[in-house]
Amino acid sequence: MTDATTHATARTALRVHHARLIDGTGSSPVDDAVVTADAEGTITYAGPAATAPPVSSASGDAAPVREIDAGGRTVLPGFFDCHVHLAYAHRAHPGRRGELDPVLVTFDTATRLRQTLEAGITTARDLGGLSAGFRTAVQSGRIVGPRLHTAVAIIGHTGGHSDFRLPDGTDLTGGEMAHLADTVDESRLAVRKVLRAGADVIKICATGGMASPYDQPEDEGLMEEEIRAVVDEARRHGGKPVAAHAQGTEGILNAIRGGVTSIEHGYGLDERALDLAGERGVFVVPTLSAAFTPIDKATMPDYQYEKKTRWSGITKKNISRAIERGARIALGTDAAIAPHGVNLKELGHLVELGMDPMSAIVAGTRTSAELLGLADRLGTLTVGRTADLILCDGDPLADIGVLGDPSNIVCVVQDGVIRKDLLLPTATAVRQP
């Protein structure tokens, strides 16, 4: 940790000025903007400097106000990554975690959490492998990282994408990564197990995948009736959302018909699936960071290399079509398969496949907040929302790639607390008169 990066625990009123505002709603940018937040971490103003409240009333009381001179930089909402695996290093097979002492795994995971936050991700959804204890640790201030929703473990069938067992039955993850379910009743029981472990979201496998040795991406995973049982069980327990790993077309259709909240990856989305997803309001999280990861025969098992080579062009064509059709896209990277700590490179991949930069920003902020059920608190820089925001060098509407380089993310504020600050010389605290 450098002197320029701080992890403050104290919250004060904030006033960001001399900023260019992109508020996450899709509205045009506001030049020479001001964003203010009170001492409770709630946004009280976001708009032109000409109509901003005076400094003396920024917090509404005699508390100090932290002034941040953006120097013309862009202020945006804190971003979301709706598909990460923070308990695993980049390219680490889930079974390899057992080679490390659990204490080392915990410290390594905490490091990845911090890297993710400092890349501009103030909220993340972990879809397999992360204990709910990390969510509590962030909430309680024990560690610094994105606020978390976690699936804890994945639900899939024997021999499917979430089966990390060897042919002799040895579970390479120690039982931490997946629950196998091969009947409707077992599917319900698996949901109950992950809920008992503290899951915020239920993750299922509706198809095979790239990195699994026993199946193909076009293979179907849980059957439609099993998916319906999972969705119903989640409904019965607080209406938890259900995220479906779904790459091949038939499994995507099964998942949507079964009632899932989101399609993860969605590489085989066709016109039928796009129509059905649109009708039912299903989100798509295309994880292009994983799809765009270089295909390297030297570092991949033969089965993974063959599948990724065969699917690369299909993926880009279908996701491009989904963007063109206006699918409800949220941002997710599949970090672990993709590198950690450069999450906003995903925005560049969305733009490369046809999304305009402002729409990509909305996908990573407002739409992602909608997916996680947090749009009433997060995702936009508007009055009454929680003060999650970032400052970046460069103009992301002219070059979306600036957001993908964490060195350009010069300030991160989460819940009104400054978590990363590379602008220390220009940030000052003033006290109300």
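It should be emphasised that the depicted structure is a prediction, and the values quoted were computed from it without experimental measurement.

1. Section: helix α9 (residues 345-352)
Inference 1: Of the residues making up α9, those classed as buried are E346, L347, H349 and L350. The buried residues of α9 occupy an angular sector of 160 degrees when the element is viewed end-on, so they sit on one face.
Inference 2: On the buried face of α9, the contacting elements are β6 (79-84), α7 (288-291), α8 (302-324) and α10 (357-371).
Inference 3: Remark: G354 follows α9 within two positions and exhibits a positive phi of approximately 120 degrees.

2. Examining the sheet that holds strand β12 (residues 242-246)
Two strands in a sheet stick together by hydrogen bonds in their backbones, pointing the same way (parallel) or opposite ways (antiparallel).
Inference 1: Taken in spatial order, the six strands of this open sheet run β10-β9-β11-β12-β13-β14, and their pairing is parallel. Strands with a single pairing partner mark the edges of an open sheet, and in this sheet they are β10 (178-180) and β14 (283-285). For this sheet, the mean inter-axis angle between neighbouring strands, taken without regard to orientation, is 25 degrees.
Inference 2: As defined by bridge partners, strand β9 (residues 154-156) adjoins strand β11 (residues 202-205) across two bridges and the pair is classed as parallel. Within β11, the position partnered with I155 by the bridge is I204.

3. Remarks on the side chain of S368
Inference 1: Summarising the element assignment, S368 is placed in helix α10.
Inference 2: Residues contacting S368, with those up to four places away along its chain left out, are F80, C82, A330, L331, V362 and A363.

4. Description of the side chain of Q304
Inference 1: Looking at the element boundaries, Q304 is found in helix α8.
Inference 2: When neighbours within four sequence positions are excluded, Q304 is seen to be in contact with M210 and A211.

5. Quick notes on the environment of T36
Inference 1: Mapped onto the fold, T36 is located in strand β2 (residues 30-37).
Inference 2: In sequence terms T36 and A46 are 10 residues apart; their C-alpha atoms lie 6.5 Å from each other.
Inference 3: Those residues within four positions of T36 in sequence are excluded, and the remaining contacts are L14, R15, T42, I43, T44 and Y45.
Inference 4: Within polar-contact distance, the side chain of T36 engages the side chain of T44 at 2.6 Å.

6. Some points on the environment of V282
Inference 1: Position of V282 relative to the elements: it lies in the loop between α6 (271-280) and β14.
Inference 2: C-alpha of V282 to C-alpha of L130: the two residues are 152 residues apart in sequence and 25 Å apart in space.
Inference 3: Setting aside residues up to four positions removed in sequence, V282 forms contacts with I256, V260, T261, S262, I263, A277 and R328.

7. Comments concerning the confidence of the model for the chain
Inference 1: Per-chain confidence: the chain averages 92 in pLDDT, with 91% of residues scoring 70 or above.
Inference 2: In this model, residues 426-433 is a region of pLDDT below 50 whose contacts with residues beyond four sequence positions or in other chains number 27 contacts.

8. Some remarks on the packing of aromatic side chains
Inference 1: Summed over the entire model, instances satisfying the criterion amount to zero aromatic pairs.
Inference 2: Of note, K316 hangs over the ring of F292, and the distance from its end group to the ring centre comes to 4.4 Å.

Cut-offs used in this document
- Residues numbered from 1 in each chain as written.
- Predicted model: local features only at pLDDT ≥ 70, side-chain atom pairs only at ≥ 80, totals over all residues.
- Heavy atoms only, no water.
- Buried < 20%, exposed > 50% of the residue type's maximum accessible area, 1.4 Å probe, protein only.
- Helix = DSSP H or I, 4+ residues; strand = E, 2+ residues; numbered from the N terminus.
- Arc of directions from axis to C-beta.
- Contact = heavy atoms within 4.5 Å.
- Pairing = 2+ DSSP bridges.
- Axes fitted to C-alpha atoms, helices over the stretch in contact; angles between N-to-C directions.
- Polar contact = N/O pair within 3.5 Å; in protein donor to acceptor, adjacent residues only side chain to side chain.
- pLDDT = per-residue confidence, 0-100.
- Phe/Tyr/Trp six-rings, centres within 6.5 Å; stacked < 30°, edge-to-face > 60°.
- Lys NZ or Arg CZ within 6 Å of the ring centre and 35° of its normal.

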